[in-house]
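# Structural overview for review
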Amino acid sequence: MSNAWNKMEIIRHKDRPTVLDYIPAIFTDFYEMHGDRYYGDDAAIMAGIAHLKGTPVTVIAEVKGRNFEENQKSNFAMPHPEGYRKALRLAKQAAKFGRPVICFVDTPGAYCGVEAEERGQGEAIARNLYELITLPTPIITVVLGEGGSGGALALSICDELAMLENAVYSVISPRGAASILWKDPAREKDAAEALKITADDLKMLDVADTIISEPVGGAHNNPVQMAENLQEYLVGAVKKLSQVPIEKLLANRYNKFRKVGDFNE
């Protein structure tokens, strides 16, 4: 079994913690806010304000359910355009009041149903990319499990991208890649290895900045320890980025994404 596929199985474990576990464990005074002010609310993205060890922050998180009912409510963590517009609304509010933004990514990808396309799914994702690259406040993104395609990237324009040890982050799912490359979705294990989607791969490629350790065997084996590891990382990252002048922060963010894909032949 490939290393990448082994991690895929870990992040799909039925007991793996989600933001529904992490938010109350990491933050205090979390107050959820709803709606995009255009169409409605989207339960696939939870957003609100909270305190991180006394520091006011804005939290934006893709929601994977812990059971079938929660997954139904959150559309199996596949956001609609109103979810991305809600996220952007809260991010702009954070910049207005000088709060750092913390994003949690855990999605197989944006919802691709007809109604999502009718309401401007592609434009909503593109608008987030366009606006977040110049948002004048620190942005930290943590990939908790699956970071799938544009559905993940819409919350991943940031100053520091961290990944949990067993998380994956990819332009396409291994099954989708196998279907395109080899016309055989059964070869998804081969695709998982070829895509270089693990935290170690992406750290080496300078896409991810930090890898957050998980308990032995995966986060589900010790959710309390995992939450403590996450909190420790976030406190340090917020403190570090908050000390950087905004002009320098934005220049660093721009350069971070300009160098993605650089290679030598």
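This structure is a prediction, so every number in the text was calculated from the model and none was measured.

## Side note on the nonpolar core
Counting residues in each nonpolar core, the largest one holds 63 residues, and the members touching the most others are Phe27, Ile60, Phe104, Val142, Leu230 and Leu234. Ranked by the residues each element gives to this core, the list is headed by helix α11 (residues 223-242), at 8 residues.

## Points about the packing of aromatic side chains
Using the criterion set out here, one finds 2 aromatic pairs in the structure. Look at Phe27 and Phe104: their rings are 6.2 Å apart centre to centre, the planes differ by 70°, and that puts the pair in the edge-to-face class. Remark: Phe104 occurs in strand β4 (residues 101-107) and Phe27 occurs in the loop between α2 (19-26) and β1 (28-33); sequence separation between them is 77 residues. Across the pair, Phe104 and Phe27 agree in class, each one buried. Note that Arg119 overlies the ring of Tyr39, its terminal NZ or CZ placed 4.1 Å from the centroid. Over the ring of Trp182 we find Arg187, and its NZ or CZ is 4.0 Å from the ring centre.

## Brief notes about the side chain of Gln231
When you line up the elements, Gln231 lands in helix α11. Among the residues examined, Gln231 registers a relative accessible area of 17% and is labelled buried. Here the side chain of Gln231 touches Ile26 through a polar contact of 2.9 Å, landing on its backbone oxygen. Sequence-distant contacts of Gln231, that is, excluding residues within four places in its chain, are made with Ala25, Ile26, Leu52 and Lys53.

## Here's the deal with the environment of Lys189
You can see Lys189 is positioned in helix α9 (residues 188-194). Separated by 11 residues in sequence, Lys189 and Ala178 have C-alpha atoms that sit 8.5 Å apart.

## Observations regarding α11
For α11, which comprises 20 residues, the first-to-last C-alpha distance of 28 Å matches the rise-based estimate of 28 Å (1.5 Å per residue) to within 8%. Inspection of α11 places Met226, Ala227, Asn229, Leu230, Gln231, Tyr233, Leu234, Ala237, Val238 and Leu241 among the buried residues, and these make up the whole buried set.

## Re the side chain of Glu62
Inspection of the secondary structure puts Glu62 in strand β3 (residues 55-62). Although Glu62 is buried, it forms no salt bridge, and the closest oppositely charged side chain is Lys64 at an N-O distance of 9.0 Å. A polar atom in the side chain of Glu62 sits 3.2 Å from the backbone nitrogen of Asp106. Look past the residues within four positions of Glu62 in its chain and what remains in contact with it is Val19, Ala44, Ile45, Pro79, Tyr84, Phe104, Val105, Asp106, Thr107, Gly151, Ala152 and Leu155.

How each quantity is defined
Residues numbered from 1 in each chain as written. Predicted model: local features only at pLDDT ≥ 70, side-chain atom pairs only at ≥ 80, totals over all residues. Heavy atoms only, no water. Core = buried A, V, L, I, M, F, W, Y, C linked by side-chain atoms within 4.5 Å. Buried < 20%, exposed > 50% of the residue type's maximum accessible area, 1.4 Å probe, protein only. Helix = DSSP H or I, 4+ residues; strand = E, 2+ residues; numbered from the N terminus. Phe/Tyr/Trp six-rings, centres within 6.5 Å; stacked < 30°, edge-to-face > 60°. Lys NZ or Arg CZ within 6 Å of the ring centre and 35° of its normal. Polar contact = N/O pair within 3.5 Å; in protein donor to acceptor, adjacent residues only side chain to side chain. Contact = heavy atoms within 4.5 Å. Expected span 1.5 Å × (residues − 1). Lys, Arg positive; Asp, Glu negative; His and termini not counted. Salt bridge = Lys/Arg side-chain N within 4 Å of Asp/Glu carboxyl O.

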